[in-house]
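Geometric and topological summary
So you can see what is in the structure, the chains are spelled out below.
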Amino acid sequence: VVVVAEVVEAVVVAVAVAVIVERVVDEVVVVVALVEVIEVVAVTVVTVVVMVSVVIVTVAVCVLVAVVVVVGVVLVLLKEVVLTVMVAVVEVAVPVVTVRLVVAVKL
């Protein structure tokens, strides 16, 4: 009777251990699946961040080039305006100075 009781106890313990091991294995499988999902999400997030960063840098470079071009054009136009004004001033000033010199010499 004692041997049967020990065998029954050993079987109960073995079944309990098997149930616990099965649950632990199930939990490990779930954790592994979660880790794989997290890995895929992390790779996707990094890819999206890199792509967005490339787009932002590209847009920033394009804006910078556009600003440089616009400033260059404005400076060229400003130079032309300044030269035109200077020529106009000289064209007006030379006859006035000439008339004054002639008048001063005659006096």
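The present account deals with the structure reproduced in this document. (Residues numbered from 1 in each chain as written. Predicted model: local features only at pLDDT ≥ 70, side-chain atom pairs only at ≥ 80, totals over all residues. Heavy atoms only, no water.)

Re the overall build of the protein
Secondary structure summary: the protein contains one helix and zero strands in total. Relative to a compact globule of 107 residues, whose C-alpha radius of gyration would be 13 Å, the protein shows 46 Å and is clearly more extended. Taking the principal axes of the C-alpha coordinates as reference, the protein spans close to 155 × 20 × 5 Å. Taking all 107 residues of the protein together, 0% fall into the buried category. Element-wise, carbon and sulfur atoms account for 85% of the exposed surface of the protein, whose accessible area totals about 9,300 Å². (Helix = DSSP H or I, 4+ residues; strand = E, 2+ residues; numbered from the N terminus. Rg over C-alpha atoms; globule rule 2.2 N^0.38 Å. Buried < 20%, exposed > 50% of the residue type's maximum accessible area, 1.4 Å probe, protein only. Areas by Shrake-Rupley, 256 points an atom, 1.4 Å probe, with all protein chains shown as cover.)

Looking at a nonpolar patch on the surface
Judged by side-chain polarity, Val-55, Val-59, Val-63, Val-67, Val-71, Leu-75, Leu-78, Val-82, Leu-83 and Met-86 come together as a nonpolar surface patch covering roughly 870 Å² of accessible area. The topology assignment puts Leu-78 in helix H1 (residues 2–106). (Patch = residues over 30% accessible without salt bridge, like charges linked within 9 Å, V, L, I, M, F, W, Y side chains within 5 Å. Salt bridge = Lys/Arg side-chain N within 4 Å of Asp/Glu carboxyl O.)

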